[in-house]
Number of protein chains: 2
Amino acid sequence: MVDVDVVVVGAGLAGLSAARAVEAAGRTVTVLEARDRVAGRTLGGALSNGVHVELGGQWVGPTQDAVLALIDDLGLETFPTYDEGAALTFFDGQRSRYRDESFGLPQKTAEEVGRLWTKIEEIAATVPPESPWETTHGTDFDRQTLDGWLCANTDDGLALRFFRVLVPAVFSAESPELSLLHFLFYVRSGTSLETLVATTGGAQERRVVGGTHLISERLAEDLGARVRLESVVRTITHDSDGVRVDFEDGSVTGQRVIVAIPQTLAGRVRYVPPLPSRRDALTQQFPAGSVIKFHVGYETPFWREEGLNGFVLSLDDDFNVVLDNSPHDGSCGVLVGFLEGTHARDAAEMTSDQRRDLVLRALVKYFGPQAAHPFDIQEQDWMSEEFTRGCYGGRLGAGVWTEYGKAVAAPVGRIHWAGAETSDIWNGYMDGAIRSGTRAANEVLHELS
Amino acid sequence: MVDVDVVVVGAGLAGLSAARAVEAAGRTVTVLEARDRVAGRTLGGALSNGVHVELGGQWVGPTQDAVLALIDDLGLETFPTYDEGAALTFFDGQRSRYRDESFGLPQKTAEEVGRLWTKIEEIAATVPPESPWETTHGTDFDRQTLDGWLCANTDDGLALRFFRVLVPAVFSAESPELSLLHFLFYVRSGTSLETLVATTGGAQERRVVGGTHLISERLAEDLGARVRLESVVRTITHDSDGVRVDFEDGSVTGQRVIVAIPQTLAGRVRYVPPLPSRRDALTQQFPAGSVIKFHVGYETPFWREEGLNGFVLSLDDDFNVVLDNSPHDGSCGVLVGFLEGTHARDAAEMTSDQRRDLVLRALVKYFGPQAAHPFDIQEQDWMSEEFTRGCYGGRLGAGVWTEYGKAVAAPVGRIHWAGAETSDIWNGYMDGAIRSGTRAANEVLHELS
């Protein structure tokens, strides 16, 4: 039986950042991780030619100051996402090539999208990210789904379809699955809709040399034996004296515990005594998004020769968001793309070959016959991972923020909550995960002092 | 290590009905129950004078053929809910006494409520209860919340407020928390909105002498040592050879397992191998309702003397649904009432004294100064029960039925699902729980034969 000051559950960016801060303050810490690896929703992989690819979260960008500072601190480096040339949009059987802010849509629709976009940015600016439930008109925003708001605010069917593709691209969830308030909060939390969606100047601007999982791995190296892998936590017992965390092969006691796993997984731990109702109810309705990520490797980034930056949005296809994810040295061409929301859920029930066909058919349509002959395809289904059960992150449907939002990050006695979904800034992103870990560590250190 | 044909998880009406059917077919069965009692969301209690009250599900009515037949089979009896006299509705500071179908609302609003009501019954009739996701226009119905539909379909603010009270009275959830499709399915599943809401002729028509928990207790008596209490299930291991169910103090092996607990709790069990993504995702977003049930005991049912049947609906108050729940012999007066949805969640964070004051203030307003002097008040907060975590039942928000509905009752290999929320008929009710248990037992028996 190990005894420490602070027990951390989960060795993703949130848990490791928390542990790092606790350890730096001279307190003892143990991190319990269910998997046989650290890094949570970031994961390094490789194509058959040995070129590194990232199977999970991969981009960082401006205003993500926490992750950028940590990358720097750990001696890691970033490089810009390839973003030269024209992007493609497909709709109603048409292929539209563009370099401006039109998303390749017909002028009337582009203007309508612009109008809705501005409206979203304006309302989102009224949401206080640290307490979305206190938003002026928040109850009204939370009573409706994002889809309901879109339907009520535009008569342009193509603009509606555009948002119904853009939303899954950001949330890996469909627009009816989000409350309007959750959407607005998320936009505000990530600076602006423009910032969330953009490559250059936005959340997809830069990549980490060697992969984002290196951030967690370096943090874990520094923590050494304080991180215990393959330790599936079953029970957290807590009272006025301290906490005891039981996992499948042992127990750790401590003064405080930081639970740094997604809410939907945190709800699967048994708490003795049970959690307050509002907190428990929150874990009953904070589902993860649905996404399968594909990397498709080619001998060369051939689309660049045609002046394309590799970015595709299709309103007509299932595999409908694609970006250039080639290695920094351009030694081969890599396209990354996603099946999201409904498309991911349906594809998860296909065979691997069926999914491969689906992906290649789409890429041939987007980039021509050369796309039919990759040297490798790799897929990563985050829904099937027992200790994630969905990416990119958790989402809140209608009514949840105003009814349960207070419970998202509020400590319960000696139990503190971290994880990307508990962050007010860059909620759902690596940056938010790191901020949440630091915040939870500060809560704990304040109590211990 | 016990070995049986069928392991059942949960000794509520669903699990016990399943076990009974399995045993009747000559197969061996073990039922594992986390609590130290059977009967799940039904529970017997008593006021300080010894008069029996039901702290959980209590009413049965016409078309609930499964529960009525079982009651009869087990030698139990029913009696009619007291329903003589006028009902009361409160709105905008007014007290309205009525005996007709107006709900005591002003004529214009009553007509508008009637119009919406008819529309609801008409659309609900188009939902196939065994597969709501196949409803014509089902995707449209599921894209919107019930609240969104109500707002779009009436300009009468009072009619809207009426439905915003009626909905929590049926679902213990607020109208934005339900998808329109879920609401329509539920109405169809319970015959009609009229049937769900009515006392005489509806779901509140009759009560069970001695209490509904006796149904489970008699079933459990017959099963004897096959029911094992205080056995919190941790892990279900399943493969082509059979299943193993590990609980805190042991294991049971079997050919098949029937998981007969609410989805939100079923998601807290560990499955080896993990469940398919769609099923797991369903458990991430099938939250239970929020309700605190109060019984208030008086020397006599004094309201009857004023020609009141005890039924109250208030659009102005938190404690806003009240019924006469006096014992059959009229030996004392008992009012039963509910805090539901938002009101329940807020009240759960008050002290017991604050809740008592809130309840009595409302009852004095409804029934006069005599209501201030009960001989006892009992409250039952189902949200705080570790092995329920909310009543009356689970609900589905926007988008869930069409995206995940197929997974509600579909077996996963050797794992079968029961529970009130898996029933097509009387979903969420005792009747549905029993039907689901029988259905799951039939699935299993078919496979074993």
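Look up: the structure comes first, before these words.
Below or above, wherever it landed, is the structure these notes cover. Residue numbering note: each chain is counted from 1, following its sequence as written. Chains and ligands are labelled sequentially in the order written, the chains with letters from A and the ligands with numbers from 1. Local features in this predicted model are restricted to residues whose pLDDT is 70 or higher, and side-chain atom pairs enter the listing and the counts only when it is 80 or higher, whereas totals over whole chains, interfaces and linings include all residues.

A closer look at the interface of chain B and chain A
- Taken together, the 35 residues of chain B in the interface contact 35 residues of chain A.
- Strands here are runs of E lasting at least two residues and helices are runs of H or I lasting at least four, both read from the DSSP assignment and numbered beginning at the N terminus. The set of elements that each furnish at least two residues to the side of chain B that touches chain A consists of helix H4 (138-143), helix H5 (146-153), helix H11 (277-283) and helix H13 (342-347) of chain B.
- Residue composition of the side of chain B that touches chain A, grouped by class: eight nonpolar, 14 polar and 13 charged. Here, residues touch in the contact sense if the C-beta positions derived from the backbone fall within 7 Å of one another. As a working rule, the residues Ala, Val, Leu, Ile, Met, Phe, Trp, Tyr, Cys and Pro are called nonpolar, Asp, Glu, Lys and Arg charged, and the rest polar, with Gly in that last group.

Overview of the relation of the copies chain B and chain A
- When the copies are overlaid, the least-squares fit takes in C-alpha atoms only where the residue has pLDDT of at least 70 in both copies. With an RMSD of 0.0 Å, the operation that places chain B on chain A is a rotation of 180° combined with a shift of 0.0 Å along the axis. On this basis, the relationship between the two copies can be described by a two-fold rotation axis.
- Interface residue correspondence from chain B to chain A reaches 100%, placing this contact among same-surface, isologous pairings.

Overview of the pairing of strand S12 (residues 233-239) of chain A
All names here are of chain A.
- Bridge count for S12 against strand S13 (residues 242-247) is six bridges, and the pairing is antiparallel. Looking across to S13, one finds that His-238 is bridged to Val-243.
- Across three bridges, S12 lies against strand S16 (residues 270-272) in parallel orientation. Across the sheet, the residue bridging to Thr-235 is Arg-270, located in S16. In this analysis, strands are considered paired if DSSP registers two or more bridges between them.

What about the packing of helix H1 (residues 13-24) of chain A against helix H15 (residues 430-448) of chain A?
Residue and element names in this part refer to chain A.
- Axes, fitted as lines to C-alpha atoms, cover a helix only where it is in contact. Angles between the N-to-C directions of the axes lie from 0 to 180 degrees. Put simply, H1 and H15 touch, their axes get as near as 7 Å, and they point 40° apart. H1 and H15 meet at a crossing whose hand is right-handed. Taken together, the residues of H15 that come into contact with H1 (itself represented by Leu-13, Ala-14, Gly-15, Leu-16, Ser-17, Ala-18, Ala-21 and Val-22) are Met-430, Ala-433, Ile-434, Ser-436, Gly-437, Thr-438, Ala-440, Ala-441, Val-444 and Leu-445.
- A class-by-class count of the residues in the contact of H1 with H15 yields 13 nonpolar, five polar and no charged. The sense of a crossing depends on the near helix, which, turned anticlockwise from the far helix by less than a right angle, makes the crossing left-handed and, turned clockwise, makes it right-handed.

A word on the sheet that holds strand S7 (residues 78-80) of chain B
All names here are of chain B.
- Strand order in this open sheet of three strands is S6-S10-S7, and the pairing throughout is antiparallel. Lying at the two open borders of the sheet, with one neighbouring strand each, are strand S6 (59-60) and S7.
- The pairing of S7 with strand S10 (residues 206-208) spans three bridges and is classified as antiparallel. Counterpart to Phe-79 in the pairing with S10 is Arg-207.

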